[in-house]
Amino acid sequence: MRTSVSIHLDDDFQERFLSGIKKTCTAIAKTYAPNGDNVIIDRGNYLPHITKDGVTVAKSIFLSDPVENMGSQIVKDICNKTMVESGDGTTSVSILLQSLIEAYRICTQDLSINKREFLNTLSDATDFIIKYLENIKLDVTSEEELKSIATISANNDSVIGGLIGSLLHKVGAQGVIDIKESTTGESYFTGITGVKIPSGFASLHFTEMSSGRKIEFENPKIFVTNHRISTLREIKNVTQFCLLENLPLVIFCSDIAPAVLVDLIKNKQENGLQVCVIKIPKYGVDKSTIASDIATITGATLGDKDLDIKLSDFDKIENLGTIENITIQRNYTTLTYEKPTKEFETLITSLKEAKEYAETEVLREAYSQRLSFLTGGASILYLHANSEAEMTQLRDRIDDAIESTKVAITGGYLYGACKSYVLSADKLDEMMDTCTTPSGKIAIKTLQGALRKMLEILIRTNVGDSEDISHFQEGYTSDLETGYNVLTGELCSLKEAKIIEPFSVNKSVIKNAVSGFKVVITTTCGLSIDEDII
């Protein structure tokens, strides 16, 4: 069996490829800024997903034209990278990508360029402005600054922003935040104890689309081993017990054979077994240590391969642990509980003593990482919404706000409202003065045009396309703090108005948009799969 492909070349390819990018960027851009609109996403027989979250929109787009879809996937890739790196900025990165494409078309009209010189200068210009922004960023020093950052990221919802800012001020950047639906008619948070593990479900098939691809269990049974699970027979007793007793089962393991994964998924789908598998990550320390810590937290007996005992010998009901709540997502798992076990408290005490008497800095750092992993603050954020659709939209915004505010704690912040983009464009004048190649100058001019376009788009979300906005744009050149307030429609002191955003978001947006743009202008041929042939 072979696969046939269609070859798409030159103008035909470019037109359709760029069309796919533009369609995707336009859809994502609908969510831009506080006055942005909702996007409704069809989910078949399920309730449609209503969101103002750019990355959720991006992930849902698949175009029927194969060449257009290739362009769409480029946009989705840079959106996902930006989200992973900084927790936010997916709408901004898609808008900046489209702005770069348009600026390039304008700057190169009727001109031939040396692409190597263009690309080299573009890379240098990107590094230049990121270094500049790093030099002018500010450190987060107060709870009010956290609230402001969270409010901007939550589409200027000051109530949610205030909750997230206060919550993160309490638990810190490494803290665990679990989100649940409020039954009191209002949103609030409460402190608990918990651990966040940087590893999620081993297969998407353990989740349901209706649950937002998230698994939540209360008081599940926990099986922990640093073995590789090779056959279902090795965990037969614990799976049968949980199936008969209708108890959720969470399996932490070093690795698992694909056939076992398939068997567990079939048990879930056909027999109703509530189950999920999580592969133990290597997080600063080795997997066996993390497995041991999870066992201690949950009260499970670790199926330890170092004891030279077969995994099937650990397959006993009494070796199972439990936890009050567990939330499992694609990339991480949250364990929360009100009171730790005595064994856990003993472990923390011993780790603190070991850190104090560590003989080397390397050992001391290893103990610090482990303690940070085990003792980060935790809270439950209870959200009130009037409908399931409203709750889904609220969760999307809050997830973004939490992650972007966390990166601001560790990476600092800049003034928002596109101020950093305009300052960066102005700073590039210095590079333009020293550039000696025509293609290099076009590269700088392209980047400047795209960065300045970001401000124009922001303002026009408020005033429309017909209004003169030059006085707003001119106000951005007066000093380092003056900018546009979307809520009032006027220029203001961004410092006094507390319109700020994480440095990491701006850095990721610029870096990833330029990266995607380089792919676009250097790609002139595409291959799309047709069908299998004999």
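Predicted model only: the values in this text are computed from it and were never measured. (Residues numbered from 1 in each chain as written. Predicted model: local features only at pLDDT ≥ 70, side-chain atom pairs only at ≥ 80, totals over all residues. Heavy atoms only, no water.)

**A closer look at the overall build of the protein chain**
Here is step 1 of the chain: Tallying secondary structure elements over the protein chain gives 18 helices and 20 strands in all.
Here is step 2 of the chain: Taking 24 Å as the expected radius of gyration for a compact globule of 534 residues, we find that the protein chain reaches 26 Å, a close match to that expectation.
Here is step 3 of the chain: Reported as C-alpha extents along the three principal axes, the dimensions of the protein chain are approximately 75 × 65 × 55 Å.
Here is step 4 of the chain: Burial status across the protein chain gives 51% buried among its 534 residues.
Here is step 5 of the chain: Contacts in the protein chain between residues far apart in sequence, at least 24 positions, make up 75% of those at least 6 positions apart.
Here is step 6 of the chain: Computed over 55 positive and 74 negative side-chain charges, the separation of the two mean positions in the protein chain equals 3 Å. (Helix = DSSP H or I, 4+ residues; strand = E, 2+ residues; numbered from the N terminus. Rg over C-alpha atoms; globule rule 2.2 N^0.38 Å. Buried < 20%, exposed > 50% of the residue type's maximum accessible area, 1.4 Å probe, protein only. Contact = heavy atoms within 4.5 Å. Lys, Arg positive; Asp, Glu negative; His and termini not counted. Charge placed at Lys NZ, Arg CZ, Asp CG, Glu CD.)

**Some remarks on unusual backbone geometry**
Here is step 1 of the chain: Of note in this structure, Asp10 is not a glycine but carries a positive phi near 50°.
Here is step 2 of the chain: One can find Asp10 in helix 1 (residues 10-29).
Here is step 3 of the chain: Residue classification places Asp10 among the partly exposed positions, given a relative accessible area of 46%.
Here is step 4 of the chain: Despite not being glycine, Asn219 shows a phi value in the positive range, around 50°.
Here is step 5 of the chain: Within the secondary structure layout, Asn219 lies in the loop between strand 6 (215-218) and strand 7 (221-224).

**Some remarks on the packing of helix 3 (residues 66-86) against helix 18 (residues 503-521)**
Here is step 1 of the chain: Their axes nearest at 9 Å, the elements helix 3 and helix 18 cross at an angle of 155°. Our classification of the angle between helix 3 and helix 18 gives roughly antiparallel. Helix 3 and helix 18 meet at a crossing whose hand is right-handed. Of the residues in helix 18, those touching helix 3 at Ile74, Ile78, Lys81, Thr82, Glu85 and Ser86 are Ser504, Val505, Ser508, Val509, Lys511, Asn512, Ala513, Gly516 and Val519.
Here is step 2 of the chain: Grouping the constituent residues of the contact of helix 3 with helix 18 by class yields 6 nonpolar, 6 polar and 3 charged. (Axes fitted to C-alpha atoms, helices over the stretch in contact; angles between N-to-C directions. Parallel < 35°, antiparallel > 145°, perpendicular 65-115°, else oblique. Left-handed = near helix turned anticlockwise from the far one by under 90°. Nonpolar A, V, L, I, M, F, W, Y, C, P; charged D, E, K, R; others polar.)

**Describing the pairing of strand 13 (residues 325-328)**
Here is step 1 of the chain: In strand 13, alternate side chains face the same way, and those of Asn325 and Thr327 on one face and Ile326 and Ile328 on the other are all buried.
Here is step 2 of the chain: In this sheet, strand 13 lies alongside strand 6 in antiparallel orientation, the contact comprising 4 bridges. The partner of Phe217 across the bridge, within strand 13, is Ile326.
Here is step 3 of the chain: A loop of 4 residues connects strand 13 with strand 14 (residues 333-337), the two strands running antiparallel in sequence. (Pairing = 2+ DSSP bridges.)

**Considering the packing of aromatic side chains**
Here is step 1 of the chain: Taken as a whole, this structure holds 7 aromatic pairs when the rule is applied.
Here is step 2 of the chain: Centre to centre, the rings of Phe472 and Tyr484 are 4.9 Å apart; their planes meet at 70°, and the pair counts as edge-to-face. Highlighted residues: Phe472 in helix 16 (residues 470-475) and Tyr484 in strand 17 (residues 482-485), separated in sequence by 12 residues.
Here is step 3 of the chain: Judged by its relative accessible area of 7%, Phe472 falls in the buried class.
Here is step 4 of the chain: A relative accessible area of 1% places Tyr484 in the buried class.
Here is step 5 of the chain: Of the aromatic side chains, those joined through ring pairs into one cluster are Tyr104, Phe118 and Phe517.
Here is step 6 of the chain: Sitting above the plane of the Phe62 ring, Lys76 keeps its charged end 3.5 Å from the centroid. (Phe/Tyr/Trp six-rings, centres within 6.5 Å; stacked < 30°, edge-to-face > 60°. Lys NZ or Arg CZ within 6 Å of the ring centre and 35° of its normal.)

**Some thoughts on the nonpolar core**
Here is step 1 of the chain: Judged by nonpolar contacts, the single largest core of 75 residues is most densely connected at Leu96, Phe118, Leu447, Leu451 and Phe517.
Here is step 2 of the chain: Top element by residues in this core is helix 15 (residues 438-463). It accounts for 10 residues.
Here is step 3 of the chain: Excluding residues within four positions of it along the chain, Phe517 makes contact with Leu97, Leu100, Ile101, Tyr104, Phe118, Leu122 and Thr446.
Here is step 4 of the chain: Formed by 51 residues, the second largest nonpolar core is a distinct cluster that contains Phe252, Cys253, Leu273 and Phe373. (Core = buried A, V, L, I, M, F, W, Y, C linked by side-chain atoms within 4.5 Å.)

**Some words on helix 7 (residues 158-171)**
Here is step 1 of the chain: With 14 residues, helix 7 should reach 20 Å at 1.5 Å per residue; the first-to-last C-alpha distance of 20 Å fits that figure.
Here is step 2 of the chain: Of all 14 residues that make up helix 7, 10 are buried, and the element is covered over most of its length.
Here is step 3 of the chain: Of all the residues in helix 7, the buried ones are Ile160, Gly161, Gly162, Leu163, Ile164, Gly165, Ser166, Leu167, Leu168 and Val171.
Here is step 4 of the chain: Where helix 7 begins, the side chain of Asp157 points an oxygen toward the backbone nitrogen of Val159, at a separation of 3.1 Å. (Expected span 1.5 Å × (residues − 1). Polar contact = N/O pair within 3.5 Å; in protein donor to acceptor, adjacent residues only side chain to side chain.)

**Things to note about the sheet that holds strand 9 (residues 249-253)**
Here is step 1 of the chain: If you trace the 4 strands from one edge of the open sheet to the other, you get 11-9-7-12, paired in mixed fashion. Only two strands of the sheet have a single neighbouring strand rather than two, namely strand 11 (275-279) and strand 12 (321-322).
Here is step 2 of the chain: Pairing of strand 9 with strand 11, which is carried by 5 bridges, proceeds in the parallel orientation. Bridge pairing in strand 11 links Ile251 to Val277.
Here is step 3 of the chain: On top of the sheet, helix 10 (residues 287-298) reaches strand 7, strand 9 and strand 12; it is set at about 155° to strand 7, its chief contact.

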